[in-house]
Amino acid sequence: MGLTGGIGSGKTTVANYMQSKGIPVYISDVEAKRVMDFPEIISKIVKEFGIDVIGTNNLLDREKLAAIVFNNPDQLKKLNAIVHPAVKEHFDNWVLSNKNQSIIVKETAILFESGSYKDCDVIISVVAPLETRISRVIKRDTTTREKILQRINNQLSDEERIERSNYVINNENFDNTKQKVDEILNSLKN
């Protein structure tokens, strides 16, 4: 199952709730960061972007790397060419390790953009009103409204996600969200 939604929609909150119900969830952002710390991946990134992307802890200095790829599509493409195949392999191994589970979930903001929706039997999109999303992200990250809107405008719209999803969770009130998740999970188990 694929779980997606725009920034601030609450998809990770939904993913965490699913995990609390015993469902294995692959949270792509977290796992991608973990994969980027693998020595062989660090080595490839250093070869492509230079030793300056290594911090004092001998791990990636993510801020320096972000500064290189931000607003530079060619550099971002080079980074993605290193990271995406490694994350895909990591995910495939995770799927194998969970093959006895009746439901497993891949949580990612770019489910459709990456093409990984093709590997999902069911897709759930998490949506929330724009102002709710903005206030959530401002509370979570040290950023500005303008930067959040820029990120939202660079993502698929909720309308596009909804059109391509089997289920939609409107995540404004968490009690209602949990109820909707439970309904979806029950319908999938039956």
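Just so it is clear, the structure is predicted and the values come from calculations on it, not from any experiment.

### What to know about the packing of helix H3 (residues 39-49) against helix H5 (residues 73-97)
Between two packed helices, the angle of one axis relative to the other and the distance separating the axes together describe the packing.
Part 1 of the argument: Taken N-terminus to C-terminus, the directions of H3 and H5 make an angle of 165°; their axes are 10 Å apart at the nearest point. Here H3 is positioned roughly antiparallel relative to H5, judged by the angle of their axes. In terms of crossing hand, the pair formed by H3 and H5 is right-handed. Contacts between H3 and H5 pair Ile41, Lys44, Ile45, Glu48 and Phe49 from the former with Gln75, Lys78, Leu79, Ile82, Val83 and Ala86 from the latter.
Part 2 of the argument: A class-by-class count of the residues in the contact of H3 with H5 yields 7 nonpolar, 1 polar and 3 charged.

### Focus: the side chain of Arg133
Part 1 of the argument: Looking at the secondary structure, you find Arg133 in helix H6 (residues 130-140).
Part 2 of the argument: With a relative accessible area of 6%, Arg133 lands in the buried category.
Part 3 of the argument: With near-sequence residues (within four places) excluded, Arg133 lies in contact with Gly6, Ile7, Gly8, Ser9, Ala128, Ile152, Gln155 and Asp158.

### Here's the deal with the pairing of strand S1 (residues 2-5)
Part 1 of the argument: Residues Gly2 and Thr4 of S1 are buried on one face, and the alternating residues Leu3 and Gly5, pointing to the opposite face, are buried as well.
Part 2 of the argument: In this sheet, strand S3 (residues 105-107) lies alongside S1 in parallel orientation, the contact comprising 2 bridges. Bridge pairing in S3 places Leu3 opposite Glu107.
Part 3 of the argument: One ladder, built from 4 bridges, connects S1 with strand S4 (residues 123-127); its direction is parallel. Residue Gly5 lies in a different strand from S4, and its bridge partner there is Val126.

### Quick notes on the sheet that holds strand S5 (residues 167-170)
Part 1 of the argument: With parallel pairing, the 5 strands of this open sheet are ordered in space as S2-S3-S1-S4-S5. Unpaired on one side and paired on the other, strand S2 (25-27) and S5 mark the two borders of the sheet. Taking the axes of each pair of neighbouring strands and ignoring which way they run, one obtains an average angle of 20° across the sheet.
Part 2 of the argument: This element, helix H9 (residues 174-189), spans S4 and S5 of the sheet and lies at about 165° to S5.

### Some remarks on the pattern of salt bridges
Part 1 of the argument: Applying the stated rule across the entire model yields 10 salt bridges.
Part 2 of the argument: Between Lys21 and Asp182 there is a salt bridge, and its shortest N-O distance comes to 3.4 Å. Of this pair, Lys21 sits in the loop between helix H1 (11-20) and S2 while Asp182 is found in helix H9, placing the two residues 161 residues apart along the sequence.
Part 3 of the argument: What makes Asp182 partly exposed here is its relative accessible area of 24%.
Part 4 of the argument: One salt bridge in this structure joins Asp158 and Arg133, with 3.5 Å as the shortest N-O distance. You can see Asp158 sitting in helix H8 (residues 158-163) and its partner Arg133 sitting in helix H6, a full 25 residues away along the chain.

### Considering unusual backbone geometry
Part 1 of the argument: Residues other than glycine seldom take positive phi values, yet Asn58 does so here, at roughly 65°.
Part 2 of the argument: Within the element layout of this structure, Asn58 appears in the loop between H3 and helix H4 (62-69).
Part 3 of the argument: Look at Asn58 and you get exposed, because its relative accessible area is 59%.

Conventions adopted
- Residues numbered from 1 in each chain as written.
- Predicted model: local features only at pLDDT ≥ 70, side-chain atom pairs only at ≥ 80, totals over all residues.
- Heavy atoms only, no water.
- Axes fitted to C-alpha atoms, helices over the stretch in contact; angles between N-to-C directions.
- Helix = DSSP H or I, 4+ residues; strand = E, 2+ residues; numbered from the N terminus.
- Parallel < 35°, antiparallel > 145°, perpendicular 65-115°, else oblique.
- Left-handed = near helix turned anticlockwise from the far one by under 90°.
- Contact = heavy atoms within 4.5 Å.
- Nonpolar A, V, L, I, M, F, W, Y, C, P; charged D, E, K, R; others polar.
- Buried < 20%, exposed > 50% of the residue type's maximum accessible area, 1.4 Å probe, protein only.
- Pairing = 2+ DSSP bridges.
- Salt bridge = Lys/Arg side-chain N within 4 Å of Asp/Glu carboxyl O.

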